[in-house]
Amino acid sequence: KDEPYALELIEASDGNPPKSRDEYLKLRAKNEMKKHAELVPKLAQGVLGASDKLDTLVSELPGMHRTKAEQMDRIQELLDENKVVDEELQEVYKKTEIRRDEIRLALQKVTCRALGIEEEI
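Residues numbered from 1 in each chain as written. Predicted model: local features only at pLDDT ≥ 70, side-chain atom pairs only at ≥ 80, totals over all residues. Heavy atoms only, no water.

1. Concerning the overall build of the protein chain
- On a plain count of helices and strands, the protein chain comes out with three helices and zero strands.
- Traced from its N-terminal end to its C-terminal end, the protein chain shows the element sequence α-α-α.
- The principal-axis extent of the C-alpha atoms belonging to the protein chain is close to 105 × 55 × 15 Å.
- The buried share of the protein chain, reckoned over its 121 residues, is 5%.
- Carbon and sulfur atoms make up 58% of the accessible area of the protein chain, which totals about 11100 Å². (Helix = DSSP H or I, 4+ residues; strand = E, 2+ residues; numbered from the N terminus. Buried < 20%, exposed > 50% of the residue type's maximum accessible area, 1.4 Å probe, protein only. Areas by Shrake-Rupley, 256 points an atom, 1.4 Å probe, with all protein chains shown as cover.)

Right under this line is the structure:
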């Protein structure tokens, strides 16, 4: 009951249970070594497979065929493009804020007129 490996140990020793503590410890150590010997190649194969996958993914990354100088040039191009787009976005944002304020003012005037409210605008 207390030893989950008891039946497994007996099977591993061809149905002959250990007769002493020493036999038990030796049998258990032998069984553990056998398990480890079976597990290590499986784990190693898994690691090698994952490593191959990683190598493949890295080699397929955009720009991996470029030299460091070419990569740095491309990074600079992207930074320059990003700056231009950011400036365009800022300009559009300013225009939309102005338009939003104009619409709010028009709505305020229409609402006040519809409700008969005199308000300084």
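2. Some words on the side chain of Asn 31
- For Asn 31, the position within the fold is in helix α2 (residues 21-59).
- Looking at Asn 31, the relative accessible area reads 7%, which means it is buried.
- Sequence-distant contacts of Asn 31, defined by excluding residues within four places in its chain, comprise Glu 8, Leu 9 and Ala 12. (Contact = heavy atoms within 4.5 Å.)

3. Remarks on the environment of Gly 116
- Examined against the element boundaries, Gly 116 turns out to sit in the segment after α3 (68-115).
- On the basis of relative accessible area, Gly 116 is assigned to the exposed category, the value being 59%.
- With 75 residues separating them along the chain, Gly 116 and Pro 41 place their C-alpha atoms 87 Å apart.

4. Quick word on the pattern of salt bridges
- The full count for this structure, using the stated rule, is four salt bridges.
- Note that Arg 74 is salt-bridged to Glu 81, the shortest N-O span being 4.0 Å.
- As a salt-bridge pair, Glu 102 and Arg 99 come within 3.3 Å of each other at their nearest N and O atoms. Of this pair, Glu 102 and Arg 99 both sit in helix α3, three residues apart, which is roughly one turn of that helix. (Salt bridge = Lys/Arg side-chain N within 4 Å of Asp/Glu carboxyl O.)

5. Some thoughts on the confidence of the model for the protein chain
- Per-residue pLDDT for the protein chain averages 88, and the proportion of residues at 70 or more is 93%.
- Between the elements of the protein chain, mean pLDDT differs from a low of 74, seen in helix α1 (residues 6-12), to a high of 95, seen in α3. (pLDDT = per-residue confidence, 0-100.)

6. Considering the environment of Lys 19
- Its place among the elements puts Lys 19 in the loop between α1 and α2.
- C-alpha of Lys 19 to C-alpha of Arg 104: the two residues are 85 residues apart in sequence and 94 Å apart in space.

7. A word on a nonpolar patch on the surface
- A surface patch of nonpolar side chains, about 350 Å² in accessible area, is lined by Leu 54, Val 58, Leu 61 and Met 64.
- One can find Met 64 in the loop between α2 and α3.
- We classify Met 64 as partly exposed; its relative accessible area is 43%. (Patch = residues over 30% accessible without salt bridge, like charges linked within 9 Å, V, L, I, M, F, W, Y side chains within 5 Å.)

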